[in-house]
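Structural overview for review
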Amino acid sequence: INHAITASVLRNAYISNASKKDPEVYKVNLSSERVRMALSILEGIQQGQSMGALLGYQFEKTILFRKQ
């Protein structure tokens, strides 16, 4: 029930606030890549790593990936 309520609130905000200038103002990106990244950060926190260290690792990983 809670997920359905949240989904309906987000969809209503998306539909109500869309305009021709900014049609995707409240768009939520739940692609599998983003979900995997979020899960890896949560796992790292559960293992005692700091948020700063985890985000720094993701930043470095992204920079190195783009250079290749």
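Everything that follows concerns the structure shown earlier in this document.
All of these numbers come straight from a predicted model, not from anything done at the bench.

Concerning the side chain of Gln-58
Checked against the element boundaries, Gln-58 lands in helix H3 (residues 51-67). Excluding its chain neighbours within four sequence positions, the residues that come into contact with Gln-58 are Met-37 and Ser-40.

Examining a nonpolar patch on the surface
Where nonpolar side chains cluster on the molecular surface, the patch consists of Leu-10, Val-28, Leu-30, Val-35, Leu-39 and Leu-42 and spans about 550 Å² of accessible area. By residue number, the principal contributor to the nonpolar patch is helix H2 (residues 32-46), which donates three residues. You can see Leu-30 is positioned in the loop between helix H1 (2-17) and H2. Leu-30 sits in the exposed class, given a relative accessible area of 67%.

What counts and what doesn't
Residues numbered from 1 in each chain as written. Predicted model: local features only at pLDDT ≥ 70, side-chain atom pairs only at ≥ 80, totals over all residues. Heavy atoms only, no water. Helix = DSSP H or I, 4+ residues; strand = E, 2+ residues; numbered from the N terminus. Contact = heavy atoms within 4.5 Å. Patch = residues over 30% accessible without salt bridge, like charges linked within 9 Å, V, L, I, M, F, W, Y side chains within 5 Å. Areas by Shrake-Rupley, 256 points an atom, 1.4 Å probe, with all protein chains shown as cover. Salt bridge = Lys/Arg side-chain N within 4 Å of Asp/Glu carboxyl O. Buried < 20%, exposed > 50% of the residue type's maximum accessible area, 1.4 Å probe, protein only.

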